[in-house]
Amino acid sequence: MKFKILPSKNTEAYELLKIQREAFYSDLMKYKDYDTNPATESLEYFLFRMENSLHYSIFVEDKLAGGICIVIQTYTHYYLFSIFLSSRFQNKGLGSKIVQELERRFPHVRKWSLHTPKDDHRNRHFYEKLGFEKTGQEPINQYLTLINYEKNMR
């Protein structure tokens, strides 16, 4: 499946937020993390993040399929805040290709970091398969603990 990663435009914000809410809604219901879950973001805050991070839109066959938010920690350390895809584009092998494309696109980055729910074994396996290693964990509430991951590039 062919895809493109392009810088997000403000005109895409509403549709991207809709996709993000769809992608994270089941986590919101499960973990009840109403203050931190991307499914609860307002359009205003979403636009703020777009303007204050590296924000990309993912297109599959010229259709807006999802987005990526990267927060620069330092010149050589990037934090992958989120990757989200519409359900109709999930489970098609895109996630691995997207992460590999990001790594290729930013060769100066020596360390990538991210977090994912402790009990989300599918996500954890996905990131571990891509070379991310557990570096710690952070309790959010009684339902949710996040696992911190890092990947050091050669």
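The sections below set out a description of the structure shown in this document. (Residues numbered from 1 in each chain as written. Predicted model: local features only at pLDDT ≥ 70, side-chain atom pairs only at ≥ 80, totals over all residues. Heavy atoms only, no water.)

Quick notes on unusual backbone geometry
Inclusion rule: A helix here means a DSSP run of H or I that spans at least four residues, while a strand means a run of E at least two residues long, and both kinds are numbered starting from the N terminus. Working definition: with a 1.4 Å probe on protein chains only, accessible area under 20% of the residue-type maximum means buried, over 50% means exposed, and in between means partly exposed.
If you check the backbone angles, Glu 61 has positive phi at about 50° while not being a glycine. The topology assignment puts Glu 61 in the loop between strand 2 (54-60) and strand 3 (63-74). Exposure remark for Glu 61: the relative accessible area of 57% places this residue in the exposed category. Although it is not a glycine, Asp 62 sits at a positive phi angle of roughly 60°. On the secondary structure map, Asp 62 appears in the loop between strand 2 and strand 3.

Details of the nonpolar core
Defined as follows: In plain words, nonpolar cores are sets of buried Ala, Val, Leu, Ile, Met, Phe, Trp, Tyr and Cys residues tied together by side-chain atoms within 4.5 Å. Here, residues are in contact when the closest pair of their heavy atoms is within 4.5 Å.
Judged by nonpolar contacts, the single largest core of 26 residues is most densely connected at Ile 68, Ile 70, Ile 98, Leu 102, Phe 106, Trp 112 and Phe 132. Counting only elements with at least two residues in this core, the list comes to strand 2, strand 3, strand 4 (77-85), helix 3 (94-105), strand 5 (111-117), helix 4 (121-129) and strand 7 (145-152). Among residues more than four places away in sequence, those in contact with Phe 106 are Leu 54, Tyr 56, Ile 70, Tyr 78 and Trp 112. The next biggest cluster of nonpolar side chains, apart from the first, holds twelve residues, and it includes Ala 13, Leu 16, Ile 19 and Met 50.

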